[in-house]
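# A closer look at the structure
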Amino acid sequence: MIPLALSQNTINLAYAVAAILLIVGIKRLSSPATARSGNIVAAVGMTIAVVVTFFSPAIDSYGLIVAGIAVGAVIGVASARLVRMTAMPQMVALFNGVGGGAAALIAVSEFHRLAPAAGHLDGEPLVGIMFSALIGSISFSGSMVAFAKLQELLPGRPLTFAGQQVVNALLFAATVAAGIAAGTTDDQIWIALLVAGALVFGVMLVLPIGGADMPVVISFLNAFTGLAAAATGFVLDNNALIIGGTLVGASGTLLTVLMGRAMNRSLANVLFGAFGSAPASTGPAAAQEGDGDGRMVREVTADDVAVMLAYANQVIVVPGYGLAVAQAQHATRELAEQLEARGVKVKYAIHPVAGRMPGHMNVLLAEANVPYPQLLDMEDANPEFPRSDVALVVGANDVTNPAARSNPESPIYGMPILDVDKATNVVVLKRSMKPGFAGIENELYYNPKTAMLFGDARASIEKLVAGVKAV
Amino acid sequence: MSAELISSLTIFALAMFLGFELIGRVPTLLHTPLMSGTNAIHGIILVGAMLVAGSADSDLEKILAFVAIVFGTINVVGGFLVTDRMLDMFKRRPGREDGE
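### Description of the overall build of chain B
Helix and strand counts for chain B come out as four helices and zero strands. Reading chain B from its N end, one meets helices and strands in the order α-α-α-α. Considering only residue pairs separated by 6 or more positions, chain B has 70% of its internal contacts joining residues 24 or more positions apart.

Given below as structure tokens:
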């Protein structure tokens, strides 16, 4: 069509180069020293794949493509640049969702292009089309729910109703049946029903999952979108899509398992398990009755805590999501510097899933220039608590809940936690007594060792800084 | 089965195997950036959207393909930029040249 069109062989060769760069990129992304360059290598591979596609003989017109890329690039750059660090997890969910949505839209468009003229589609493209429409739609709507939960547009706690799993199973079966009908009849309504059913199923799949499990869910849906992209590659007979999509499908699945393992949860457990079933719904209620039994929390003032910190030998800071929302990382580092100037040893205990994403806390504290050697991961931190005078819990909740060790009824039972209650004193900085993201009560707060300092984490830490200076 | 399908399945199987092997021992610290980076990589769906848009016949197909291109581009551009921002946070940290 245009004089610049390259031969299909040249284009496929360029796709092969792009695929190699994507592979090298993922490899480098999985090691700390090379991660940043890995991302850039992958981006270069992606650029090559996109640019060479412009010269494909299959493309007749450019207006639509250029306009679409321009609009998408503006939205993509703006959302990636403007988002606060704390909102990164939901951005990943959003970007993942639109990728799945793109796969579903392509499937529907291809179905429309091939079906009416050719009558019944033959099996090969059909399977790919149905698969990417199904998986892409689930990934799209599921990711949007994950986004809404993390953005707190929807409640983070599991939303459940009786017989949910039966309803979900029937819905899924009906959706697949619509896909089969779409393939065997001429009526295009079935592909619309397939997409509609898959969209609803995606919502139903993620609604009953608690906010604390969202990282695992996003990783799972990420793998889903990868497989949808691979299926699209089968439909379009395009190796770049097959390789890129499959790599993400496979590595995303493994990553999901690894993330689940860090929380001591299997994927099945996250998707259909404890948080969504009966024990979870009775959990918070039982805990509230516990409050009624007259268990008391001990509230303290910032000045009391400042004195306690100033005369400690070792303080361990346990950061959590509260630190992130309050943007308290810089104030926290300032507090640590004040304490170190007085000879107090300060360390940070980072739970693998503290915050809303693994590594969330490392990123924030690194941003505040907290020296890396002070950051201890869970295995190194736990032996330090018995040797510490104060464990200062800044907006962390579920990752410190002793119920994970002691209460088999608890939805988080078995999750490895930070043993903050082994420290001589525990000070918890928290906005209110509201339960954490998992929606369950934290017994730590009723421990006689524990003192609560209520308020915004940053405001509280700033008061502590002033208090320590005054001591 | 067509010859194209067989070669596609071969590539699929190898890529699957490679995907599992690639990220064998990734430290927890990198789980989120790795998820975000692979998230950007499935933005390769943009290539599919471009091919579909370039040969779309009807208005419906054009609209679907246009939205798919917008979505795919957001996935690619946003995905890589957010990953870069995350990893950028690590680089100023002193004394972490040798892994972990």
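Additional details are given in the paragraphs that follow.
### Here we look at the pattern of salt bridges
Applying the stated criterion to the full structure yields eleven salt bridges over all chains. Between B:Asp88 and A:Arg36 there is a salt bridge; the shortest N-O distance is 3.4 Å. One end of the pair, B:Asp88, is in helix α4 (residues 59–91); the other, A:Arg36, is in helix α2 (residues 35–53), on a second chain. For B:Asp88, a relative accessible area of 22% gives the class partly exposed. Between A:Arg405 and A:Asp419 there is a salt bridge; the shortest N-O distance is 2.6 Å. In this pair, A:Arg405 sits in helix α17 (residues 403–406) while A:Asp419 sits in the loop between α17 and β6 (425–430), placing the two residues 14 residues apart along the sequence.

### A word on the interface of chain B and chain A
In this assembly, 87 residues from chain B lie in contact with 103 residues from chain A. Taking both partners together, chain B and chain A bury about 8,600 Å²; carbon and sulfur atoms supply 76% of that area. Applying the counting criterion to the chain B and chain A interface returns two salt bridges. The interface formed by chain B and chain A holds 15 residue pairs in polar contact (both at pLDDT 80 or more) in total. Those elements giving two or more residues to the side of chain B that touches chain A turn out to be α1 (3–22), α2 (31–41), α3 (45–54) and α4 of chain B. Considering each element in turn, the side of chain B that touches chain A owes the most residues, 30 residues, to α4(B).

### A look at the confidence of the model for chain A
Residue and element names in this part refer to chain A. Of the residues in chain A, 92% have a pLDDT of 70 or more, and the chain-wide mean is 86. Within chain A, the lowest mean pLDDT, 36, falls on helix α11 (residues 278–292), and the highest, 96, falls on α2. Across residues 274–293 the pLDDT falls below 50, and counting only partners more than four positions away or on other chains, this stretch makes 22 contacts in the model.

### Quick notes on α3(B)
Burial analysis of α3(B) places ten of its ten residues in the buried class, which makes it a mostly covered element. Taken together, the buried positions of α3(B) are B:Ile45, B:Leu46, B:Val47, B:Gly48, B:Ala49, B:Met50, B:Leu51, B:Val52, B:Ala53 and B:Gly54.

### A closer look at the environment of A:Gly183
Residues and elements named next belong to chain A. Considering the arrangement of structural elements, one finds glycine 183 in helix α6 (residues 164–184). Considering only alpha carbons, one finds glycine 183 and methionine 91, 92 residues apart in sequence, at a separation of 35 Å. Beyond its immediate stretch of four places on either side in the chain, glycine 183 contacts Leu126 and Met130.

### Structural notes on the sheet that holds strand β1 (residues 298–299) of chain A
Paired through their backbone hydrogen bonds, the strands of a sheet run either parallel or antiparallel. Residues and elements named next belong to chain A. Taken together, the seven strands give an open sheet; going across it, the order is β1-β7-β6-β5-β2-β3-β4, and neighbouring strands pair in parallel fashion. Because the sheet does not close on itself, it has two edges, and the strands there are β1 and β4 (375–377). One ladder, built from five bridges, connects strand β5 (residues 390–394) with β6; its direction is parallel. Paired with alanine 391 across the bridge in β6 is valine 426. Relative to strand β3 (residues 345–350), helix α15 (residues 360–367) is tilted by about 145 degrees, and along the sheet it contacts β2 (314–319), β3 and β4. On the sheet, helix α18 (residues 457–470) packs against β5, β6 and β7 (450–454) and is oriented at approximately 130 degrees with respect to β6.

Thresholds applied
Residues numbered from 1 in each chain as written. Chains lettered and ligands numbered in written order. Predicted model: local features only at pLDDT ≥ 70, side-chain atom pairs only at ≥ 80, totals over all residues. Heavy atoms only, no water. Helix = DSSP H or I, 4+ residues; strand = E, 2+ residues; numbered from the N terminus. Contact = heavy atoms within 4.5 Å. Salt bridge = Lys/Arg side-chain N within 4 Å of Asp/Glu carboxyl O. Buried < 20%, exposed > 50% of the residue type's maximum accessible area, 1.4 Å probe, protein only. Buried area = accessible area lost by both parts, 1.4 Å probe. Polar contact = N/O pair within 3.5 Å; in protein donor to acceptor, adjacent residues only side chain to side chain. pLDDT = per-residue confidence, 0-100. Pairing = 2+ DSSP bridges. Axes fitted to C-alpha atoms, helices over the stretch in contact; angles between N-to-C directions.

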